[in-house]
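Structural overview
Residue strings, one per chain:
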Amino acid sequence: MSVKTSDRTLHETVSHQAVARQTVVDSPDPQSRVRSAPRPGEDPYPTRLAEPFDMPWLNRREGVVKGRAEDGPLSHAQLDEFERQGFLFEPNFIAGEELDELRRELAELLARGDFRGRDFAITEPSGNEVRSLFAVHFLSERLGRLARDERLVGRARQLLGGEPYVHQSRINYKPGFEGKGFNWHSDFETWHAEDGMPAMHAVSASIVLTDNHHFNGPLMLVPGSHKVFVPCLGETPDGNHRQSLKQQELGVPSREALSALVERHGIEAPTGAAGGLLLFDCNVLHGSNANMSPDPRSNVFFVYNRRDNRCVTPFAAPRRRPSFLAHAPDERWSPEG
Ligand SMILES: O=C(O)CCC(=O)C(=O)O
C-alpha cells in the first residue's frame, strides 16, 4: 500500500494496487458478450437475480457529472476527478465552532434514550451500540439546516445537473472496538432494487465528524467502478432492510466481479481530520472494515437525488422500504409517524 497524496495530516488516500489502475471502465470484457443483456424497454439495471447473469457487469447509461464548473462551487479539476474516480474528498470543509457544534449534536442524538429500539436506530449486529441513525435531517434541526446548506446543495446540484432533494440521511457511528464493517456494495443497487430509484442521478455527501484514519474503518472505494453496474444474485425477501442495515448479505457483488474491478482500478480509502467532506457517486462500489481501534469513526451522510428521478415502484423487492430510508421530495418525516 502506498500513500498517494502529499498533505498527510489532513488528507491521505491509501491506494491498493495503484499501478494496476486504469482510468475508465466503460465496457465489460468483450468475450462475455451475452444473451441476457437487457433489451430496450427492460430494466437497464437488473439485479437481485435468481440465476447468475452471464456478464459480470453492464455499462452505466447516465452521465456522471451533469453540470459544468460555471454552475457551482466545484472547479473543472474537481469535476474531472469526480467523473474519473466516482468520488472527491475535500479536507477542511467544516471547521472551528461549526464543527464543534456538529460533534455535540452527534453526541446528543446518540444519547437520546427515546430513539433506542426505534426502527430508524439500527444497532450493531451483535450488541446494543448504535450503528446507524437514519432520517437525521428530520431528527435534528441542526442537521436539517446542514442538509439544506447551499455549500452541499450547490455541489449536489452541480454534479446532478438539476435540483436535488434529500433521499436519505444517516449517521454511521462506528464506535471504537465495537463498530462492525459494511460489505462491498453500490448504494444505487439497493436504492434501485428496494426503493425504486430509476436512474443514476444521486450523490452522497459524507461529512467526517471524527478523524477518519487507517485504523478506525474508513470508507474504502473502488475508483472507476461507478461506470458499470454489477447485477447481484439473490432475490430480495420482504423486510430485507431489517437484516441488511446490520449486515448486508444481498445486493453484494460477486467476488469474481469485485476481484476484476479491483484488479483494474485498485481500492482507495480517503482519510482525514474531522470536518472533511467526501462526495461519492451513487454507483461507486464501497465498503469498510470493522473499527478495531479505540477511536470512534462517525460520519454523517446526506444523499441527494435529482427531483426528476424520484422513486417509483421498487425494481426488485416485494414492496418499498419505510420512508425513514427513502424520503420523497418535500416529505415531512417525523419519528412520531
Ligand atoms: O460508514 C461506512 O463505513 C459505510 C457506509 C455505507 O456504505 C453505507 O452506509 O451504505
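No experiment lies behind these values; they were computed from the predicted model shown. (Residues numbered from 1 in each chain as written. Predicted model: local features only at pLDDT ≥ 70, side-chain atom pairs only at ≥ 80, totals over all residues.)

**Some thoughts on the overall build of the protein**
Under the convention used in this document: The secondary structure listing takes helices from DSSP runs of H or I that are at least 4 residues long and strands from runs of E that are at least 2 residues long, numbered from the N terminus. With C-beta atoms placed from the backbone, the exposure class of a residue follows from how many other C-beta atoms lie within 10 Å of its own: 20 or more, buried; 12 or fewer, exposed; in between, partly exposed. Once C-beta atoms are placed from the backbone, any two residues with those atoms within 7 Å are in contact.
Secondary structure summary: the protein contains eight helices and 15 strands in total. Here the protein holds 337 residues, and the buried ones make up 47% of them. Considering only contacts in the protein between residues 6 or more positions apart, those separated by 24 or more positions represent 82%.

**Examining the pairing of strand β6 (residues 130–134)**
If a strand is regular, its side chains alternate between the two faces of the sheet. The line we're drawing: Should DSSP find at least two bridges between two strands, the strands are taken to pair.
Counting buried residues in β6 gives four out of five residues, a clear majority hidden from the surface. Judged from the three bridges that link them, strand β5 (residues 121–123) and β6 form a sheet pairing that is antiparallel. Its bridge partner lying in β6, Ile-122 is registered against Ser-132. The antiparallel pairing of β5 with β6 creates a hairpin that spans six residues between the two strands, and Gly-127 there sits at a positive phi of about 155°. Relative to strand β7 (residues 164–172), β6 is paired through three bridges, and the arrangement is antiparallel. Note on β7: the bridge partner recorded for Leu-133 is Ile-171.

**Side note on the site of the ligand**
As a reminder of what qualifies: Each residue receives a C-beta atom placed from its backbone. It is near a molecule or strand if this atom lies within 6 Å of it. Nonpolar residues are Ala, Val, Leu, Ile, Met, Phe, Trp, Tyr, Cys and Pro. Charged residues are Asp, Glu, Lys and Arg, and all others, Gly as well, are polar.
Neighbouring the ligand are Asn-172, Phe-182, Asp-187, Leu-219, His-286, Ser-288 and Asn-299. Of the residues contributing to the shell around the ligand, the split by class is two nonpolar, four polar and one charged.

**Digging into the environment of Gly-154**
As for its placement among the helices and strands, Gly-154 is situated in helix α5 (residues 150–160). Put simply, Gly-154 and Leu-74 are 80 residues apart on the chain and 8.8 Å apart in space, counted from C-alpha to C-alpha.

**Overview of the environment of Gly-67**
Assignment of secondary structure puts Gly-67 in the loop between β3 (58–59) and α1 (76–85). Sequence separation between Gly-67 and Leu-160 is 93 residues, and the spatial gap between their C-alpha atoms is 6.5 Å. Among all residues touching Gly-67, those that are not within four sequence positions of it are Gly-72, Arg-157, Gln-158, Leu-159 and Gly-161.

**Observations concerning the sheet that holds β5**
Our working rule: For every element, the axis is a line fit to its C-alpha atoms; helices are fit only across the contacting stretch, and the angle between N-to-C directions ranges from 0 to 180 degrees.
The strand order across the open sheet built from seven strands is β4-β13-β9-β15-β7-β6-β5, with neighbouring strands paired in antiparallel fashion. Unpaired on one side and paired on the other, β4 (87–90) and β5 mark the two borders of the sheet. Here the strands of the sheet are splayed against their neighbours by 15° on average, with no regard to which way each runs. Pairing analysis gives five bridges linking strand β9 (residues 202–208) to strand β13 (residues 277–281), with the strands arranged antiparallel. Each residue of the ladder has a partner; that of Ile-207, found in β13, is Leu-277.

**Thoughts on the confidence of the model for the protein**
Definition in use: Each residue carries a pLDDT score, the predictor's own confidence in it, on a scale running from 0 to 100.
When pLDDT is averaged along the protein, the result is 89; 89% of the residues meet or exceed 70. A low-confidence stretch, residues 1–35 (pLDDT under 50), is modelled with 68 contacts involving residues beyond four sequence positions or located in other chains.

**Section: unusual backbone geometry**
A positive phi is found at Asn-92, a non-glycine position, where the angle reads about 55°. Looking at where Asn-92 falls in the secondary structure, it is placed in the loop between β4 and α2 (96–111). One non-glycine residue, Lys-174, lies in positive phi territory at about 40°.

**A look at α2**
Formally: Here, expected helix span is obtained from the residue count minus one, scaled by 1.5 Å. Here, the arc refers to the directions that run from the helix axis to the C-beta atoms.
Its 16 residues place the ends of α2 23 Å apart at the C-alpha level, agreeing with the 22 Å of an ideal helix rising 1.5 Å per residue. Within α2, the full set of buried residues consists of Glu-105, Leu-106 and Leu-109. Taken down its axis, α2 places every buried residue within 105° of arc, on the same side. More than 90 degrees from the buried face of α2, the exposed residues found are Gly-96, Glu-97, Asp-100, Arg-104, Ala-107, Glu-108 and Ala-111. Those residues of α2 hidden inside the fold are in contact with β6, α3 (136–139), α4 (141–148) and β7.

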